[in-house]
Amino acid sequence: MKKRSIYVLIATILSVLVPAPGRFVYGVAIVLEVNLIMLIGTLVNSLVKKIKLEELNTLIILIMIISSTILYRQIMITICPEVMLTLGVLIYLTPISVFSFGYIFSNMEQPLAERLKLNMLHVLTFSVYTLLFFLFRDLAGYGTFTFFGKSHQIYEKVLISPDNLGFFSFVASIPGALTLSSVLLFIHIYVRTRFEIMSNMEESK
């Protein structure tokens, strides 16, 4: 596994995921935004290269993803304003995070279809990690499941009484989020490493 991808994931976790409230609905909002940003950023990057404006590449992409973020925020406000109000500045940290920029500007020499496939695969990995992270914090830390509800409000289903959470309520805190992210990151690295070992063994046969 490439060390770069690990560093990118860690930086994004610390800057975006850990500070966010530990509710599943906020994780979904972040995942939707990251997917949108990666898609638009990759497409715009290829377009800029095609029209030979490489010297303005960074500026153009930055303007486009910030504009997309503003548009995304306005759409989400009409769906559930409480989510956008609670996330606050984190919505604007996501598009300029190491994760987004780290992959949008990678593999520049490859065709658009290949770059899009690779970048969206990275997003898929990040999305799965993020959703598991927020789902566990929601269930274990608060004893609830949250999602976008009717009437522009957050839907909340209480699954476990707060009195029965005990030690698990720790994951709702910032230190708990750091601990949980470390565990999930370790599992992620272990699984990917095992797959790479198995793949290398198959190729050597």
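These numbers come from a predicted model, not from an experiment.

A short note on the overall build of the protein
Scanning the protein for helices and strands turns up eight helices and two strands. Along the protein, helices (α) and strands (β) appear in the sequence α-α-α-α-α-α-α-β-β-α when read from the amino end. The buried share of the protein, reckoned over its 205 residues, is 39%. For the protein, the proportion of contacts with a sequence separation of at least 24, taken over those separated by at least 6, is 74%. Of the accessible surface of the protein, which amounts to about 11300 Å², a share of 71% is contributed by carbon and sulfur atoms. Averaged over its 16 positive side-chain charges, the protein has a centre that lies 2 Å from the centre of its 12 negative ones.

Topic: the packing of helix α2 (residues 24-50) against helix α7 (residues 112-142)
It is the contact of α2 with α7, at a shortest axis distance of 9 Å, that shows an interaxial angle of 170°. The orientation of α2 with respect to α7, classified from their angle, is roughly antiparallel. Each residue belonging to the contact of α2 with α7 can be placed in one class, and the counts come to 17 nonpolar, eight polar and two charged.

Brief notes about the pairing of strand β1 (residues 144-148)
Note: β1 against strand β2 (residues 154-158), five bridges, orientation antiparallel. Looking at the pairing, Thr-144 lines up with Val-158 of β2. Between the antiparallel neighbours β1 and β2 lie five residues, among them Ser-151 with a positive phi of about 55°.

Each value, and the rule that gives it
- Residues numbered from 1 in each chain as written.
- Predicted model: local features only at pLDDT ≥ 70, side-chain atom pairs only at ≥ 80, totals over all residues.
- Heavy atoms only, no water.
- Helix = DSSP H or I, 4+ residues; strand = E, 2+ residues; numbered from the N terminus.
- Buried < 20%, exposed > 50% of the residue type's maximum accessible area, 1.4 Å probe, protein only.
- Contact = heavy atoms within 4.5 Å.
- Areas by Shrake-Rupley, 256 points an atom, 1.4 Å probe, with all protein chains shown as cover.
- Lys, Arg positive; Asp, Glu negative; His and termini not counted.
- Charge placed at Lys NZ, Arg CZ, Asp CG, Glu CD.
- Axes fitted to C-alpha atoms, helices over the stretch in contact; angles between N-to-C directions.
- Parallel < 35°, antiparallel > 145°, perpendicular 65-115°, else oblique.
- Nonpolar A, V, L, I, M, F, W, Y, C, P; charged D, E, K, R; others polar.
- Pairing = 2+ DSSP bridges.

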